Every structure is written in structure tokens, then in C-alpha cells.
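# Secondary and tertiary structure notes
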Amino acid sequence: MQNSVFFKSVINSDSILDSIGLLGQYLETLIGCQHICLLLPHDNGRNKLIPYSFKINQTDLKLLQQMAIDTDLFSDMSSGMHLCITMSSAKPAIKLLSMTTFQSLYTFHLNRSVYGAILLCFRSPVQLTDEQLHICQMVTMQMEQLIEKIYFRKQVLKQQSYENLVNTLRMKDGFTLNHCYNVAFYASLLGAKVGVDAEQLEQLKISALLHDIGKIAIPDSILLKPDRLTDEEFSVIKQHPAIGYELLKDLPDVQKILPVVRWHHERIDGSGYPDGLSGDDIPLLVRIVSLADAFDAMTSTRVYRHSLPVFEVRRQLEINVGKQFDGLLVQAFLQMLDDHMIMDRLVWDE
Ligand SMILES: [Fe+2]
């Protein structure tokens, strides 16, 4: 499996289990690792773990979980630590390893907002090279990002007052809903990066999640059309911000999200729609969502086109500063890609 196929699949995946399968296939071809286990703490604490595995039998899985519980998810070991049954150390972890069908094990930590560990298991003693370890660190970061996204969705959905609206969007079009979740995820990262306060950050997440709610009124024949849209069809799609605003404007509790719903297609130079706002007349939260929206659109695959390579996405953001986007936000977003995500550090082979 090519790097690009793997990383894009993981970015767009909604399922941890599916991603472990993809990770298994990827690492099998690349470093010969056939057995993978991801352990995440249960809501109630770290003495109960949720296991996700690829090609590991139940007995081995139980022993690996025990090993993780005993070591508090390998917290006293560094990420990339190698355990092998030939090691003379009498560590309890090595004793447990020797009871499995594996002889060698590498542990990688998930330790951003998500805590957990990825275990790469081998049936014979192996020694990974620095380059192979680097690949493993990369995929660990990618899995962290995916799990953060999935947890983020769960957390947003707990806010019951918006659940019905989100469900309406889900019934209409799963693709749009997925896009909205992604936009909410990127917008909240960017919001935090530029110092948006906690209350506004909540508002930002919900606004971003519902920014395209107006699409529920767009005919399926246009919204779900597998080909490029005609000019006429595009003019119908362009009505969704104003429609969304009309749908929500009289509902209680949603007044604060109306600017994002109505103005997320406005542009800094005034050439956007529906109201042609420009510059600082576009509120900060709206500018954040616009940027997150454009980024997700460019990095997602549509039926009629592939996602853009990351270097091209960066270029597009930069050349549209002052036209479509706020310069300071683009700067912060690119910095965020550098220090928070790994996509742009990868050379996508296409
Ligand atoms: Fe939109």
C-alpha cells in the first residue's frame, strides 16, 4: 500500500477498527509487522482498556492488555521502546511477552489529548532500523489524529440541543455531515491556536458543525450529483448559507451560530456570498470556519476529483491571502499543520 493511500484513508476514516486494519496492511508491507494492537483507556480509567487489534488471537490479546495495565500503558517506557524475550531483564512485561506467541514487541505512545498505546508485535526477535522507527512514529501520530477526531465527534454530539439538527443533516447526506465534522475539528484547533476563549470555542465548534445546515433544503439531484455542477446548479447550491440562516433564525439557542451559517462563504476581498461582506466586517469565528471549510474541501476526495496534494493545498491557502482568507489566520493554520499534524511532512507520491 502506498503512503498516500494509507494516510488519506486514515484521515478520512470514521472507524478506529477499520484504521487498524489499514495500519496492519500498511506496516506489513513496509516493515514486515503483521500483528498490531491499539489499546485505549476505558472511560472509567486505565485499569480497563479498550483493545483494537489486527491479526492477534484472543489469548495473546488478553496477555498484551495485562501487560499494558501492569505498566500503566507503558508509561515508564519511552515511545518506540523495544521489548524482546531474549532480553535478560526480569521485567514482568517480558515475562508476560514470553507467554504470548510473540517474541518481540515495540510500543508507541499516544499522548496528546488522547492517551493510549500502539503495540507492534513480531513472532521472531527483530530490530527495527531508525528509518522504520520513524515510519512507526509517523503512523502513531496519524492514528492519534484520527482518534481525536472520533472522540471530538462523540463529545459534540453529547450536546443534545443540536442533536436533532445534526441528525437531519445525517439523513440528508452523510458526506456533508462528515465534512461538517471535519470542519468543526479543524476550526476548533485553529480557534485554540489563535487564542479564542473557551466560551467562544464552544460556539465555534457548534457553528462549524452546523455551517452547511442549509444544504438540507438543496435538492438531492444537485447535492448528490456525482459530476461537476453546471452554472445553474451551482447557483442553487450557493443559496445554502441564506437558507440555513432562514431555517435557524427564529429558533431559540442558536442565535450565536447564525453569523457562521450565513457568512461562511464570504471572502476577505468582498467577492463572496450572500452579502458581499469584506475584511473585518466578517467576524473572526466566521473567518476561522471559512478557512477550515476550504481546507477540508481541498483535502477531501470528491467523486469527480481527487484531493489536492498537501503542498498544493498550502500554496492555495497562501495565494488566496487577502482574497479569500485572512492572512493572520492562514499563517496560524500553516503553523498548526507544521506543529500539530503530519500531513504536510509527508511526500505524497502522486
Ligand atoms: Fe457551505
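The structure this text deals with has already been given above.
Conventions we followed
Counting restarts for each chain: residues are numbered from 1 in the order of the written sequence. Side-chain atom pairs in this predicted model are given and counted only at pLDDT of 80 or more, local residue features only at pLDDT of at least 70, and totals for whole chains, interfaces and linings cover all residues. With hydrogens and water stripped out, all remaining heavy atoms of the structure feed into the side-chain values. Counted as coordinating are nitrogen, oxygen and sulfur atoms within 2.8 Å of the metal, or 3.2 Å for Na, K and Ca, while water is not included, which may make sites look incomplete. Under the classification used here, a metal with four donors is tetrahedral if each angle lies between 85 and 135 degrees, square planar if opposite donors are over 155 degrees apart and the others between 65 and 115, a six-donor metal meeting that same test is octahedral, and anything else is irregular. Here a strand is any run of E in DSSP of at least two residues, a helix any run of H or I of at least four, and the numbering for each starts at the N terminus. Each residue is assigned to one of three classes by its accessible area relative to the maximum for its type, calculated with a 1.4 Å probe on protein chains only: buried under 20%, partly exposed between the two thresholds, exposed over 50%. Within 3.5 Å is the distance limit for a polar contact, defined as a pair of N or O atoms, with the added protein rule that one can donate a hydrogen and the other accept it, and that residues adjacent in sequence qualify only through two side-chain atoms. We call two residues in contact when some of their heavy atoms are within 4.5 Å. Arc definition: directions from the helix axis to the C-beta atoms. One side-chain nitrogen of Lys or Arg within 4 Å of one carboxyl oxygen of Asp or Glu is enough to make a salt bridge. Any two strands with at least two DSSP-identified bridges between them are counted as paired. Two rings belonging to Phe, Tyr or Trp (six-membered ring only in the last case) form a pair when the distance between their centres is within 6.5 Å. Interplanar angles under 30 degrees mark stacking, angles over 60 mark edge-to-face geometry, and anything in between is tilted. As a reminder, the over-ring test applies to NZ of lysine and CZ of arginine, requiring each to be within 6 Å of the ring centre and within 35 degrees of the ring normal. By definition here, a helix of n residues has an expected span of 1.5 Å times n minus one.

## So, the coordination of the iron ion
Distances from the iron ion to its protein donors, Asp 212 (OD), His 240 (NE2), His 264 (NE2) and His 265 (NE2), fall at 2.1 to 2.3 Å. Its four donor atoms give the iron ion angles of 84 to 172 degrees at the centre, a pattern that matches the irregular case. When the donors of the iron ion are listed by position in the chain, the intervening gaps give D-x27-H-x23-H-H. Pair noted here: His 240 is in helix 11 (residues 240-248) and His 264 is in the loop between helix 12 (258-263) and helix 13 (284-299), with a separation of 24 residues, a long-range link. Residue classification places His 240 among the buried positions, given a relative accessible area of 1%.

## Some details on the side chain of His 35
If you trace the backbone, His 35 turns up in strand 1 (residues 35-42). Of note is the side chain of His 35, whose polar atom sits 2.6 Å from the backbone oxygen of Lys 55. What His 35 contacts, discounting residues up to four positions off in sequence, is Phe 54, Lys 55, Ile 56, Phe 102, Leu 119, Leu 120, Cys 121 and Arg 123.

## Some thoughts on helix 4 (residues 92-99)
Every buried residue of helix 4 is listed here: Ala 93, Ile 94, Leu 96 and Leu 97. Seen end-on, helix 4 carries its buried residues on one side only, within an arc spanning 160 degrees. Opposite the buried face of helix 4, by more than 90 degrees, sit the exposed residues Pro 92, Lys 95 and Met 99. On its buried face, helix 4 is in contact with helix 3 (58-70), strand 3 (81-84) and strand 4 (104-111).

## Focus on the pattern of salt bridges
Per the counting criterion, the structure on display carries 10 salt bridges. As a salt-bridge pair, Glu 28 and Lys 55 come within 3.4 Å of each other at their nearest N and O atoms. Of this pair, Glu 28 sits in helix 2 (residues 16-31) while Lys 55 sits in the loop between strand 2 (45-54) and helix 3; the two residues are 27 residues apart in sequence, bridging distant segments of the chain. Measuring nitrogen to oxygen at the nearest pair gives 2.5 Å for the salt bridge that ties Arg 287 to Asp 326. Of this pair, Arg 287 sits in helix 13 while Asp 326 is found in the loop between helix 14 (310-319) and helix 15 (327-340), placing the two residues 39 residues apart along the sequence. For Arg 287, a relative accessible area of 14% gives the class buried. Here the salt bridges do not stand alone but share partners, grouping Asp 280, Arg 287 and Asp 326 into one network.

## Looking at the environment of Ile 257
Within the secondary structure, Ile 257 sits in the loop between helix 11 and helix 12. Since its relative accessible area comes to 2%, Ile 257 is described here as buried. For the pair Ile 257 and Leu 209, spaced 48 residues apart in the sequence, the C-alpha separation amounts to 9.9 Å. The residues contacting Ile 257, other than those within four sequence positions of it, are Gln 203, Ile 206, Ser 207, Leu 210 and Leu 248.

## Observations concerning the pairing of strand 5 (residues 115-122)
When you tally the buried positions in strand 5, you get seven out of eight residues, the bulk of the element. One ladder, built from five bridges, connects strand 1 with strand 5; its direction is antiparallel. Across the sheet, the residue bridging to Cys 37 is Leu 119, located in strand 5. Here strand 4 runs beside strand 5; their pairing, made up of eight bridges, is antiparallel. Considered in strand 5, the bridge of Asn 111 is made with Tyr 115.

## Comments concerning the packing of aromatic side chains
Taken as a whole, this structure holds four aromatic pairs when the rule is applied. Ring geometry for Tyr 106 and Phe 122: centres 6.3 Å apart, planes at 80 degrees, overall edge-to-face. Taken together, the positions of Tyr 106 in strand 4 and Phe 122 in strand 5 put the pair 16 residues apart, joining distant regions of the chain. The same class applies to Tyr 106 as to Phe 122, namely buried. Directly above the ring of Tyr 245 sits Arg 262, whose terminal nitrogen or CZ lies 4.8 Å from the centroid.

## Some points on unusual backbone geometry
In this model, Tyr 273 is joined to Pro 274 through a cis peptide bond whose omega is 10 degrees. Looking at where Pro 274 falls in the secondary structure, it is placed in the loop between helix 12 and helix 13. The backbone of Leu 73 sits at a positive phi, close to 55 degrees, despite the residue not being glycine. You can see Leu 73 is positioned in the loop between helix 3 and strand 3. Overall, Leu 73 belongs to the buried group, its relative accessible area being 1%. At Phe 74, a position not held by glycine, the phi torsion is positive, near 60 degrees. Here Phe 74 falls in the buried class, since its relative accessible area comes to 0%.

## Observations concerning helix 2
In this model, helix 2 (16 residues) spans 21 Å end to end at C-alpha, consistent with the 22 Å of a helix rising 1.5 Å per residue. Those residues of helix 2 that fall on the buried side of the exposure criterion are Ile 16, Ser 19, Ile 20, Gly 21, Leu 22, Leu 23, Gly 24, Tyr 26, Leu 27 and Ile 31. Of the residues flanking the end of helix 2, it is Gly 32, one or two places downstream, whose phi is positive at about 70 degrees.

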